[in-house]
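# Examining the three-dimensional arrangement
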Amino acid sequence: MKICSRCILPETFPGVKFDEHGVCSHCADFKGIEALNEHKREYEKKFLDLVGQSRDKGAYDCMIAYSGGKDSTYTLKVLKERYNLRILALTIDNGFISDRAFKNMCSVSENLGVDHLIFRPRFDLMKKVFLKSSENDIYSKKTLERASTICTSCIGIVKFVTLKTAIEKSVPLIAYGWSPGQAPVQSSVMKVNPQLIRATQAATLGPLSRLVGDEVSAYFLTEEHFNMADRFPHNVHPLAFLDYNEERIIKEIGQIGWEEPDDTDSNSTNCLLNAYANDVHIKRFGFHPYVWEIANMVRSGVMDREEGYKKIYGEQSGDLLEVAHKRLGISR
């Protein structure tokens, strides 16, 4: 299989092309690290201005979707220690959070002194969501270039439960711990648009309702929420404009009680379902669902190619698949 000589995109990735030097079309279109750093400085300033406008408007300045993984933990640490925000950490327990991730969340939230809310959807319903997502292509091909169907369903529920909670509690900012490869810097500070959210919700809730029933709508916005447009927050992704180095991040969050788990795959530090979601995606589409993210990180210089290659193409433990199969009731 041909793999880009500069990043790690494979020839199986939709629409990719290679030049005579083996460089992919995405690398050829990349404007360079200097231009990227200029955008980072621009959006960090936008974030600082927004923080100034949002501070002390209510009980919390910011809510963070807190998975317990390294990136959301580092984002929480930065928001608390660097920007001195009053934070509500919200965890959506999908039934597959590792034991170590739970311990990490408890230690970190206590050591940082932040309020922490855990919302646990019914597992029988989440199990249906994951099984149906593994069996059906329910989202656009473009969406599935960036995440597996299972992860897209899960993060959809996470996003809308988080947004519902922020609206109900009048929290002006929602922070996510997306890595620099997951979302472009241009989306790192963005006002939540009710019309766009309505369309996005329909694209997620519609397929899920048809597959698992209307009960899943409990995790999404109602008309009451849409009628509170003045409470719609800004979304922020601080890691898109901050300096990012995985080794340094793990060292820093280790100082507030975070320990690296040994029961997750190479692209997750919190979720026991991720390896199964990746396996289903690779077999169905021929490329790893994290390859877009990791390739972006390699291209932008925040991860070296060798480490990125290992994350995507390195051998994974079969035990991780067995954990998911057992929890979902799948027989091999």
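Before reading further, recall that the structure is shown in the block above.
Given the structure is predicted, the values throughout are model-derived calculations rather than measurements. (Residues numbered from 1 in each chain as written. Predicted model: local features only at pLDDT ≥ 70, side-chain atom pairs only at ≥ 80, totals over all residues. Heavy atoms only, no water.)

### Focus: the packing of aromatic side chains
Using the following cut-off: A pair of aromatic rings is counted whenever rings of Phe, Tyr or Trp (Trp by its six-membered ring) have centres within 6.5 Å, and the orientation is called stacked for planes under 30 degrees apart, edge-to-face for over 60 and tilted otherwise. Put simply, DSSP H or I for four residues or longer makes a helix, DSSP E for two residues or longer makes a strand, and each gets a number counted from the N terminus. Between buried and exposed lies partly exposed: a residue is buried under 20% and exposed over 50% of the maximum accessible area for its type, with that area taken using a 1.4 Å probe on protein chains only. Note on criteria: charge over ring means Lys NZ or Arg CZ within 6 Å of the ring centre, with the direction from the centre no more than 35 degrees off the ring normal.
Taken as a whole and assessed by the stated rule, the structure comprises 12 aromatic pairs. Their ring planes at 70 degrees and their centres at 5.2 Å tell us that Phe13 and Phe287 sit as a pair that is edge-to-face. In this pair, Phe13 is assigned in the segment before helix H1 (25-29) and Phe287 in the loop between helix H10 (274-285) and helix H11 (291-299), connecting sequence segments 274 residues apart. The residues Phe13 and Phe287 share a single accessibility class, namely buried. Ring geometry for Tyr309 against Tyr313: centres 4.8 Å apart, planes inclined by 45 degrees, an arrangement best described as tilted. With Tyr309 and Tyr313 both in helix H12 (residues 305-313) and 4 residues apart, the pair spans about one turn of that helix. The rings of Phe13, Phe285, Phe287 and Trp292 are connected pair by pair, giving a single aromatic cluster. Lying across the ring of Trp292, Arg146 places its NZ or CZ 4.2 Å from the centre. We note Arg327 situated over the ring of Phe123; from NZ or CZ to the ring centre the distance is 3.9 Å.

### Quick word on the pattern of salt bridges
Test applied: We define a salt bridge as a side-chain nitrogen of Lys or Arg found within 4 Å of a carboxyl oxygen belonging to Asp or Glu.
Summed over all chains, the structure comprises 19 salt bridges. Between Arg120 and Asp93 there is a salt bridge, with its nearest N and O atoms 2.5 Å apart. In this pair, Arg120 sits in the loop between strand E3 (115-119) and helix H5 (123-135) while Asp93 sits in the loop between strand E2 (87-92) and helix H4 (99-112), placing the two residues 27 residues apart along the sequence. Between Glu252 and Arg248 there is a salt bridge, with the nearest N and O atoms lying 3.1 Å from each other.

### Quick look at the sheet that holds strand E4 (residues 173-175)
Basically, it comes down to this: Paired strands, as defined in this entry, are two strands with at least two bridges between them according to DSSP. Here an axis means a line fitted to C-alpha atoms, over the contact stretch when the element is a helix, while the angle between two N-to-C directions is reported on a 0 to 180 degree scale. Residue contacts are counted whenever heavy atoms from the two residues lie within 4.5 Å of one another.
Pairing is mixed in the open sheet, where 6 strands are placed in the order E3-E2-E1-E4-E6-E5. What marks the edges here is a single partner per strand, and that holds for E3 and strand E5 (189-191). Geometrically, the sheet is characterised by an average inter-axis angle of 25 degrees between neighbouring strands, direction not taken into account. Where E2 meets E3, 5 bridges bridge the pair, whose relative direction is parallel. By the bridge assignment, Ala89 is partnered in E3 with His116. Relative to the sheet, helix H2 (residues 33-54) contacts E4, E5 and strand E6 (234-236), its axis offset from that of E5 by approximately 50 degrees.

### Brief notes about helix H9 (residues 246-254)
What counts is decided by this rule: Within this analysis, the arc is defined by the directions that extend from the helix axis to the C-beta atoms.
Listed in full, the buried residues belonging to H9 are Glu246, Ile249 and Ile253. Seen along its axis, H9 keeps its buried residues to an arc of 55 degrees; they face one direction. Opposite the packed face of H9, turned more than 90 degrees from it, sit the exposed residues Glu247 and Lys251. Each element contacted by the buried residues of H9 is listed here: helix H3 (70-81) and H12.

### Considering the side chain of Ser109
Inspection of the secondary structure puts Ser109 in helix H4. With relative accessibility at 9%, the residue Ser109 sits in the buried group. Among residues more than four places away in sequence, those in contact with Ser109 are Val114 and His116.

### Notes on unusual backbone geometry
In the Ramachandran plot, Asn84 falls in the positive-phi region, its phi being about 55 degrees despite a non-glycine side chain. For Asn84, a relative accessible area of 55% corresponds to the exposed category.

### Notes on H2
Heads up, the condition is: For a helix, the expected span equals 1.5 Å multiplied by the residue count minus one.
Given a rise of 1.5 Å per residue, 22 residues ought to cover 32 Å, and the 31 Å separating the end C-alpha atoms of H2 matches this to within 8%. Within H2, the full set of buried residues consists of Leu36, Lys40, Tyr43, Phe47, Leu50, Val51 and Ser54. For H2, the buried positions fall inside an angular range of 100 degrees around the axis, keeping them on one side. Opposite the packed face of H2, turned more than 90 degrees from it, sit the exposed residues Glu34, Glu38, Arg41, Lys45, Gly52 and Gln53.

### Digging into the packing of H10 against helix H13 (residues 318-328)
So the rule is basically this: Between 65 and 115 degrees an angle is taken as roughly perpendicular, under 35 as roughly parallel, over 145 as roughly antiparallel, and anywhere else as oblique. Three classes are used: nonpolar for Ala, Val, Leu, Ile, Met, Phe, Trp, Tyr, Cys and Pro, charged for Asp, Glu, Lys and Arg, and polar for all others, with Gly counted as polar.
Running from N to C, H10 and H13 cross one another at 100 degrees; their axes reach a closest spacing of 7 Å. One way to sum up the angle between H10 and H13 is to call them roughly perpendicular. The residues of H13 that touch H10, namely those facing Ala275, Tyr276 and Asp279, are Leu320, Leu321, Ala324, His325 and Leu328. Taken together, the residues that form the contact of H10 with H13 break down as 6 nonpolar, 1 polar and 1 charged.

### Looking at the environment of Asn296
Test applied: Any N or O atom pair separated by 3.5 Å or less is treated as a polar contact, with the protein-specific requirement of one donor-capable and one acceptor-capable atom, and with residues adjacent in sequence counted only for side-chain atom pairs.
When you line up the elements, Asn296 lands in helix H11. When its relative accessible area of 17% is taken as the criterion, Asn296 is described as buried. Distance in space between the C-alpha atoms of Asn296 and Leu163 is 27 Å, their sequence separation being 133 residues. Polar side-chain contacts of Asn296 include one of 3.2 Å to the backbone oxygen of Gly181.

### Thoughts on the environment of Cys271
Within the element layout of this structure, Cys271 appears in the loop between H9 and H10. By relative accessible area, Cys271 is classed as buried at 15%. In sequence terms Cys271 and Asp99 are 172 residues apart; their C-alpha atoms lie 9.6 Å from each other.

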